[in-house]
Amino acid sequence: MNEIRVLGIDLGKDVCSVVGLDEAGKVVLRRRMRRDSVSKLAAGMPACVMAMEACCGAHHLGRQLCEQGHDVRLMSPEYVRPYVKAQKNDDRDAEAIAEAATRTTMRFVDLKSDEQLDMQSLHRARDRLVGERTALINQLRAILLERGIVIAKGRRKLQLRLEQLLAEETAIGRRMRVLIEDMRDEWRALDNRIGALDAEFADLARTDASMRLLSTIPGIGPLNATAFVASIGKAETFGRGRDLAAWLGLVPRQMTTGGKPRLLGITKRGNGYLRRMLIHGARAALPSLAKGKTPMGEWLRGLLSRAHMNTAVVALAAKMARIIWAVLRSGRPFEMAASPSAG
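Just so it is clear, the structure is predicted and the values come from calculations on it, not from any experiment.

Chemist: Explain the pattern of salt bridges here, please?
Modeler: A side chain with one charge can pair with a side chain of the opposite charge if their charged atoms come near. Summed over all chains, the structure comprises 19 salt bridges. Taking the shortest distance from any N to any O, the salt bridge between Arg-184 and Glu-163 comes out at 3.5 Å. Of this pair, Arg-184 sits in helix α7 (residues 174-207) while Glu-163 is found in helix α6 (residues 155-167), placing the two residues 21 residues apart along the sequence. Residue Arg-184 is classed as buried on the basis of its relative accessible area, which comes to 17%. A salt bridge links Asp-185 to Arg-184, with the nearest nitrogen and oxygen atoms 3.8 Å apart. Owing to a relative accessible area of 39%, Asp-185 belongs among the partly exposed residues under this scheme.

Shown next, in the form of structure tokens:
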């Protein structure tokens, strides 16, 4: 059998399909095996390219294969899809993965460490809790609205109104009172769990050098800092700051009308969670930044004079993505430059 140069692995929960390509790109191995047997197969092979889609369990197996001396290449599934031939199945997927890994223009995903995966898991758990709390609050508002009780926007206003309603004997019926008290207690429990995770993120941001650097950027707090370090790792993954902004889907689409380029909405590609966190940070930082006597403040004031607030928020988020890349690349904290006209 010819020596295998590239091994494409289609990961499954229990059973994986592997396809080996020789130096000429010819298939010389097709096999289905259990997940724990893949590492044993690779241990008996000379060092070669191990290709997988970046999916659940890929980083763990990838680190094992790296320790064996193999060149692990993880790819986004959307980049592998064009190489899948007709009659799609697991073997065809593994062959497509192996073929895609040999393309010189292919973009690969960096292997994540256990610490990065731990931070990502914490962020996913927090995001789930926030979603549960939002659903609970919306249900509370709907229950009260059915009884003619309308409450203004804002969690704090809802909390205060609930306390008033529960203090009044005749405001709501007995059954609804018991239900609302249970929902209020559940709300408090969710707040405590989210607060505990936020405290853990704050501790992580103080102990990591990269996170401390990111925290010097306006709008980047412990949540954003830990999320970006967990997902990006190092700035060298992206060639320039615009590549990071494009990966987050913050770069606007273009359409040519009458020979003139016209900017449309953002692409919304890439990591939606990071994009959302960055936009939230930009929305919080925009009022204070727009008042500052700095080049960024002048740029924001000019943008706000001709564009909607939401457009300015997204534009600021795109600029923050470029600043994040520059800070991670240089290893220096962010410093706001003073405006030449100030003073």
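Chemist: Help me out: how do you make sense of helix α2 (residues 58-67) in this one?
Modeler: Regarding α2, the residues found buried are Ala-58, His-59, Leu-61, Gly-62, Arg-63 and Leu-65. The elements touched by buried residues of α2 are β1 (6-10), α1 (35-43), β4 (49-53), β5 (71-75) and α5 (114-145).

Chemist: Sorry if this is basic, but what is going on with the packing of aromatic side chains here?
Modeler: Two aromatic rings are characterised by how far apart their centres lie and by the angle between their planes. Scanning the model with the defined rule gives one aromatic pair in all. Aromatic side chains Phe-238 and Trp-247 sit 5.3 Å apart centroid to centroid with 50 degrees between the ring planes, which places their arrangement in the tilted category. Exposure remark for Phe-238: the relative accessible area of 11% places this residue in the buried category. Given a relative accessible area of 31%, Trp-247 falls into the partly exposed group. For the cation-ring pair, Lys-319 lies above Trp-299, with the distance from its terminal atom to the ring centre recorded as 4.5 Å.

Chemist: Please clarify how the side chain of Glu-95 should be interpreted in this entry.
Modeler: Among the secondary structure elements, Glu-95 is positioned in helix α4 (residues 90-101). Residue classification places Glu-95 among the buried positions, given a relative accessible area of 13%. Setting aside residues no more than four positions away along its own chain, Glu-95 makes contact with Val-19, Val-27, Arg-30 and Lys-85.

Procedures and definitions
- Residues numbered from 1 in each chain as written.
- Predicted model: local features only at pLDDT ≥ 70, side-chain atom pairs only at ≥ 80, totals over all residues.
- Heavy atoms only, no water.
- Salt bridge = Lys/Arg side-chain N within 4 Å of Asp/Glu carboxyl O.
- Helix = DSSP H or I, 4+ residues; strand = E, 2+ residues; numbered from the N terminus.
- Buried < 20%, exposed > 50% of the residue type's maximum accessible area, 1.4 Å probe, protein only.
- Contact = heavy atoms within 4.5 Å.
- Phe/Tyr/Trp six-rings, centres within 6.5 Å; stacked < 30°, edge-to-face > 60°.
- Lys NZ or Arg CZ within 6 Å of the ring centre and 35° of its normal.

No statement about biological role is implied by the geometric values presented.
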